[in-house]
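A closer look at the structure
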Amino acid sequence: MPRISWKAFARGQGLQVKQFVTPAGEELWLDFSAAPDQTEEQKLARMARWVLDAEAQGFRYGLRLPDGELPANNGAAQRDECLRRIALFNLPQS
């Protein structure tokens with residue numbers, strides 16, 4: 001539903017779906033410092049949402065957290081590693 005072009009529909013152009021594509025070779029960086037939230041927990045929640053959205057759109061994306069960076073890629077392994085790093089961020093090392 002959020003990808004339906006409601007403006008086109010209102011103009012009588014039928015149902016159209018918006019597609020978002022990064023140009024070939026371009027990478028999307030999901031950066032902790034760019035998250036507009038106030039608390040660390042809110043920033044991490046937003047980062048997880050960004051990962052899921054980027055993967056759903058088929059983007060090549062990298063992850064930047066204060067404790068490190070994951071190079072850009074896409075696919076289930078990239079998604080899972082990004083989410084793992086977000087989940088474990090700032091947890092004490094055992």
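In what follows, the structure referred to is the one given above.
Attention in this report is confined to the structure presented alongside it. Bear in mind the structure is a predicted one, so any value in this text is a computation, not a measurement. (Residues numbered from 1 in each chain as written. Predicted model: local features only at pLDDT ≥ 70, side-chain atom pairs only at ≥ 80, totals over all residues. Heavy atoms only, no water.)

Concerning the packing of helix α2 (residues 40–56) against helix α3 (residues 76–88)
A pair of packed helices can be characterised by two numbers: the angle between their axes and the separation between those axes. Operational definition: Angles run from 0 to 180 degrees between N-to-C directions of axes, and those axes are lines fitted to C-alpha atoms, restricted for helices to the stretch in contact. Helix numbers and strand numbers start at the N terminus; a helix is a DSSP run of H or I with at least 4 residues, a strand a run of E with at least 2. Note on terminology: angles under 35 degrees are roughly parallel, angles over 145 are roughly antiparallel, angles of 65 to 115 are roughly perpendicular, and the others are oblique. Contacts between residues were defined by any pair of non-hydrogen atoms, one from each residue, lying within 4.5 Å. Lys, Arg, Asp and Glu make up the charged group, whereas Ala, Val, Leu, Ile, Met, Phe, Trp, Tyr, Cys and Pro make up the nonpolar group; the residues left over, Gly among them, are polar.
Two elements in contact, α2 and α3, have axes whose closest approach is 10 Å; the angle formed by their N-to-C orientations is 180 degrees. By the angle class used here, α2 and α3 are roughly antiparallel. On α3, the residues touching Leu44, Met47, Ala48, Val51, Leu52 and Glu55 of α2 are Ala76, Arg79, Cys82, Leu83 and Ile86. Residue composition of the contact of α2 with α3, by class: nine nonpolar, no polar and two charged.

Details of the pattern of salt bridges
The cut-off we apply is this: One side-chain nitrogen of Lys or Arg within 4 Å of one carboxyl oxygen of Asp or Glu is enough to make a salt bridge.
Using the criterion set out here, one finds seven salt bridges in the structure. A salt bridge links Arg46 to Asp37; the nearest nitrogen and oxygen atoms lie 2.5 Å apart. The residue Glu69 makes a salt bridge to Arg64 at a minimum N-O spacing of 2.9 Å. Because the salt bridges share partners, they merge into one network encompassing Glu81, Arg84 and Arg85.

Section: a nonpolar patch on the surface
Applied cut-off: Each patch is built from salt-bridge-free residues with over 30% relative accessible area, joining like charges within 9 Å and nonpolar side chains (Val, Leu, Ile, Met, Phe, Trp, Tyr) within 5 Å. Using a 1.4 Å probe, the Shrake-Rupley method yields the accessible areas, and only the shown protein chains count as cover for residues. Burial here depends on accessible area, computed with a 1.4 Å probe over protein chains only, as a share of the maximum for the residue type. Under 20% is buried, over 50% is exposed, and the range in between is partly exposed.
A cluster of nonpolar side chains, Trp6, Phe9 and Leu15, forms an exposed patch at the surface whose accessible area comes to about 350 Å². Mapped onto the elements of the fold, Trp6 is located in helix α1 (residues 6–10). On the accessibility criterion, Trp6 (43% relative accessible area) is partly exposed.

Some details on unusual backbone geometry
Even without being glycine, Asn90 reaches a positive phi, approximately 65 degrees. Residue placement: Asn90 occurs in the segment after α3.

Let's talk about the nonpolar core
Going by this rule: Definition of nonpolar core: a set of buried residues of the types Ala, Val, Leu, Ile, Met, Phe, Trp, Tyr and Cys, connected through side-chain atoms within 4.5 Å.
One finds Met47, Leu63 and Leu65 to be the most contacted residues of the largest nonpolar core, which totals 14 residues. Every element with two or more residues in this core is listed here: α2, β2 (61–65) and α3. Broken down by element, the residue count for this core peaks at four residues, all from α2.

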